[in-house]
Amino acid sequence: MVSTSVDQLPSQLPSTLDLPYSDDQPVDNEDQNLLPNLLLILLTYLWSSRTDWYFGVDMGVYHTAGDNPRVPVVPDAFLSLGVDRKKNGKSRLSYAVWEEGGVVPTLALEMVLHKYGKEYDQKIELYAKLGVLYYVIYNPEFWQRDRHQPFEVYRLEGDTYQLQSGEPYWMPEVGLGIGCYQTEIGGYPQEILTWYDEQGNRHLSAAEQATQEKERLAAFLRSQGFDPDNLPKS
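Residues numbered from 1 in each chain as written. Predicted model: local features only at pLDDT ≥ 70, side-chain atom pairs only at ≥ 80, totals over all residues. Heavy atoms only, no water.

**Student:** I'd like to hear about the pairing of strand S6 (residues 134–138), residue by residue, with values.
**Tutor:** For S6, a buried count of five out of five residues is recorded, marking the element as mostly surrounded by other parts of the structure. A two-sided burial pattern is seen for S6, the buried positions comprising Tyr-134, Val-136 and Tyr-138 on one face and Tyr-135 and Ile-137 on the other. Alignment of strand S5 (residues 107–111) against S6, held across five bridges, turns out to be parallel. Counted as the bridge partner of Ala-108 is Tyr-135 from S6. Note that the unit made of S5, helix H2 (residues 122–130) and S6 has a crossover that is right-handed. As defined by bridge partners, S6 adjoins strand S7 (residues 151–157) across five bridges and the pair is classed as antiparallel. Paired with Tyr-134 across the bridge in S7 is Arg-155. (Buried < 20%, exposed > 50% of the residue type's maximum accessible area, 1.4 Å probe, protein only. Helix = DSSP H or I, 4+ residues; strand = E, 2+ residues; numbered from the N terminus. Pairing = 2+ DSSP bridges. Right-handed = clockwise from strand over helix to strand, strands pointing away.)

**Student:** I'd like a description of unusual backbone geometry, backed by residues and values.
**Tutor:** At the junction of Glu-167 and Pro-168, the peptide bond is cis and its omega measures out at 0° in the coordinates. Tracing the backbone shows Pro-168 in the loop between strand S8 (160–163) and strand S9 (169–171). With phi around 55°, Asn-88 is a residue other than glycine that occupies positive phi space. Within the secondary structure, Asn-88 is located in the loop between strand S3 (77–81) and strand S4 (95–96). Take Asn-88: its relative accessible area is 72%, and that puts it in the exposed class. Phi at Arg-147 takes a positive value of approximately 60°, unusual for a residue other than glycine. Along the chain, Arg-147 turns up in the loop between helix H3 (143–146) and S7. Here Arg-147 falls in the exposed class, since its relative accessible area comes to 79%.

See below:
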């Protein structure tokens, strides 16, 4: 986990209570909210017994790696490890590195949509300067325009990012892999981003696991000569 030493920060920095907690910028389309929140929902299930992580969606990250600590970077999503799930028992308004013990996000996600948002130049430089270990860029629609791949993972090596290979991509420091998955949402085909284990198996949601267990039970009942749809009533 990469962090910024609090001792090296300016002595007077604003509190998150005093900082803007909305950039007032509309999202480009519904996927910019949907996909990061699907990652959050699944992570909340997978790490339900853990309280040492935080996953922010479209939230300002205030830091001292730029010219002005009052100007945040706003990833589409980010994951920090080693911080409280709830800050003082409450939801965060924003994420200020100096209020989090100097812990910077371990992972930042940017989604390239209709309007190019400098994901491949200014933001990649800023995340490297900040010390974000993994930088994920998801660009399913405009990757050819931008001369990149639809899904890219960069790992910080020294002070520069190196493009990684493989999908899903395993992140040992996080204990998760990340990659794309084709599914159906609301009756429509949809590619999403999701979490994987070290063997490259997709982590199932609670609903998927319940369905899988129901199917196993039905198969067992059939093997015993029972129709699971017409079981005798007690």
